Structures are given as C-alpha cells and as structure tokens.
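Letter by letter, the chains look like this.
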Amino acid sequence: MTDVLLNIGRAANASGVSAKMVRHYEEIGLIPKAKRTNAGYRMYSQSDVHTLRFVKQARNLGFPIERIEKLLALWQDRRRPSRKVKELAALHIRELEERIREMQDMKRTLEMLSRHCHGDDRPDCPILEGLEKALPLSGTRRSLDGTRKKKAAFGKP
C-alpha cells in the first residue's frame with residue numbers, strides 16, 4: 001500500500017505548522033528531506049505530518065530545537081528508556097521555573113517604577129529613569145555563557 005503524499009500546503013494544514021516552518025524543519029533536519037515531484041514540488045508523507053505535529057507540540061511547550069531533536073530521537077526509538085525522556089522534561093521544567101521567576105522579577109520592577117510615575121503632563125518619568133539606569137532585578141539570572149549569577153536586589157548597589 002502506497003503512502004498518500006501531501007504537498008507542502010496540505011502538510012502544513014494537516015500538522016498545524018506553517019509552510020515556512022515545514023521548510024525550516026526540513027532544512028535543519030527535524031524531518032527528512034521531502035520527496036519531490038518531477039516539477040520539483042515537495043511532497044510529505046503521513047509520517048512526516050505526524051512528526052510535524054510532534055514538533056509543534058514540543059514547541060508549544062517551549063522546548064528549544066536542540067532538545068526537540070533529542071525528544072524526536074527518543075520518540076522514534078521504541079526501545080528507549082523512559083527515564084531519558086523524563087530527564088529532558090524535568091530539565092525543561094526547571095528552566096521554565098527559572099524563567100517564570102525572572103519574569104516575576106521583571107513584573108515587580110516595572111510595577112514599582114509605574115507606581116512612582118505620576119502619569120501626567122510633567123516630563124519627569126521614573127519609568128524612563130529606571131530604564132536609563134538599567135536597574136538590576138532581584139534573583140538569579142543566567143549570563144550569556146549559561147552560568148548562573150546572583151543579581152543585586154532592586155535599589156541595592
């Protein structure tokens with residue numbers, strides 16, 4: 001029995017992933033290279049659509065592409081230990097919790113700045129002054145190299 005092939009538009013609609021992202025995922029190797037018609041049009045199998053749905057759901061949960069690659073490999077390996085999948089999920093949960101804390105810190109800082117702004121016709125604005133001073137947030141943040149750094153609480157040097 002031959003697998004029904006879909007053009008990129010139908011594969012995108014069936015998976016809920018935009019055609020642009022289908023091409024991107026193919027380019028970076030998340031899905032296999034599409035079969036091509038004689039005219040050069042991409043054609044995708046039901047298996048490709050299933051994989052695209054998996055990728056979309058993982059993206060909806062905030063997994064980065066690098067981790068989605070690992071999840072796909074585990075998903076496709078029917079002999080994988082579920083422990084490895086759970087480890088990836090637990091790591092992602094910890095990262096989400098950290099991002100939530102950081103966003104709560106940002107919200108508190110912005111709320112504090114907003115409370116001090118009169119919001120009238122005067123030109124002085126504590127919000128702009130706070131942005132100009134690059135006020136630190138409380139809590140920990142990751143530096144560009146991924147290490148954790150403790151930041152000073154708002155208002156402290």
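Look up a bit, the structure's there.
Residues numbered from 1 in each chain as written. Predicted model: local features only at pLDDT ≥ 70, side-chain atom pairs only at ≥ 80, totals over all residues. Heavy atoms only, no water.

A. Region of the structure containing the side chain of E26. Within the secondary structure layout, E26 lies in helix α2 (residues 19–27). Of the residues examined, E26 reaches a relative accessible area of 4% and is grouped as buried. A polar side-chain atom of E26 sits 3.0 Å from the main-chain amide nitrogen of A34. Non-local contacts of E26, meaning those with residues more than four positions away in its chain, are made with I31, P32, K33, A34, R42 and Y44. (Helix = DSSP H or I, 4+ residues; strand = E, 2+ residues; numbered from the N terminus. Buried < 20%, exposed > 50% of the residue type's maximum accessible area, 1.4 Å probe, protein only. Polar contact = N/O pair within 3.5 Å; in protein donor to acceptor, adjacent residues only side chain to side chain. Contact = heavy atoms within 4.5 Å.)

B. Region of interest: helix α5 (residues 82–115). In this model, α5 (34 residues) spans 49 Å end to end at C-alpha, consistent with the 50 Å of a helix rising 1.5 Å per residue. Buried within α5 we find L88, H92, E98, E102, D105, T109, M112 and L113. (Expected span 1.5 Å × (residues − 1).)

C. Just the nonpolar core, in detail. Grouped together as the largest cluster of nonpolar side chains are 23 residues, with contacts concentrated most on V22, Y25, L30, Y44 and I68. Of all the secondary structure elements, the ones that give two or more residues to this core are α1 (8–15), α2, α3 (46–60) and α4 (65–76). Considering every element that reaches this core, the biggest residue donor is α4, with 6 residues. The contacts of I68, once residues within four sequence positions are left out, are L30, V55, A58, R59 and F63. (Core = buried A, V, L, I, M, F, W, Y, C linked by side-chain atoms within 4.5 Å.)

D. Representation of the packing of α1 against α3. One can describe the packing of α1 onto α3 by two numbers: an axis separation of 9 Å at closest approach and a directional angle of 50°. One way to sum up the angle between α1 and α3 is to call them oblique. Pair α1 / α3 crosses with right-handed handedness. Along its contact with α1, which presents A11, A14 and S15, the element α3 presents V49, L52, R53 and K56. Partitioned by chemical class, the residues of the contact of α1 with α3 number 4 nonpolar, 1 polar and 2 charged. (Axes fitted to C-alpha atoms, helices over the stretch in contact; angles between N-to-C directions. Parallel < 35°, antiparallel > 145°, perpendicular 65-115°, else oblique. Left-handed = near helix turned anticlockwise from the far one by under 90°. Nonpolar A, V, L, I, M, F, W, Y, C, P; charged D, E, K, R; others polar.)

E. Expanded view of the sheet that holds strand β3 (residues 42–44). Strand order in the open sheet formed by 3 strands is β1-β3-β2, and the pairing between neighbours is antiparallel. Whereas interior strands pair on both sides, the edge strands pair on one side only; in this sheet they are β1 (6–7) and β2 (35–36). Of the strand pairs in this sheet, β1 and β3 are connected by 2 bridges, and their pairing is antiparallel. If you follow N7 over to β3, its bridge partner there is M43. (Pairing = 2+ DSSP bridges.)

F. Geometry of the packing of aromatic side chains. Applying the stated criterion across every chain yields a total of 1 aromatic pair. Both rings, one in F54 and one in W75, keep their centres 4.3 Å apart while their planes meet at 15°; by these two values the pair is stacked. Of this pair, F54 sits in helix α3 while W75 is found in helix α4, placing the two residues 21 residues apart along the sequence. A relative accessible area of 22% places F54 in the partly exposed class. (Phe/Tyr/Trp six-rings, centres within 6.5 Å; stacked < 30°, edge-to-face > 60°.)

G. How the structure looks around α3. Here α3 contains 15 residues, and its C-alpha end-to-end distance of 21 Å stays within 8% of the 21 Å for a straight helix at 1.5 Å per residue. Taken together, the buried positions of α3 are occupied by D48, V49, T51, L52, V55 and A58. Buried residues along α3 sit against β1, α1, α2, β3 and α4. Immediately beyond the C-terminal end of α3, within one or two residues, lies G62, with a positive phi of roughly 85°.

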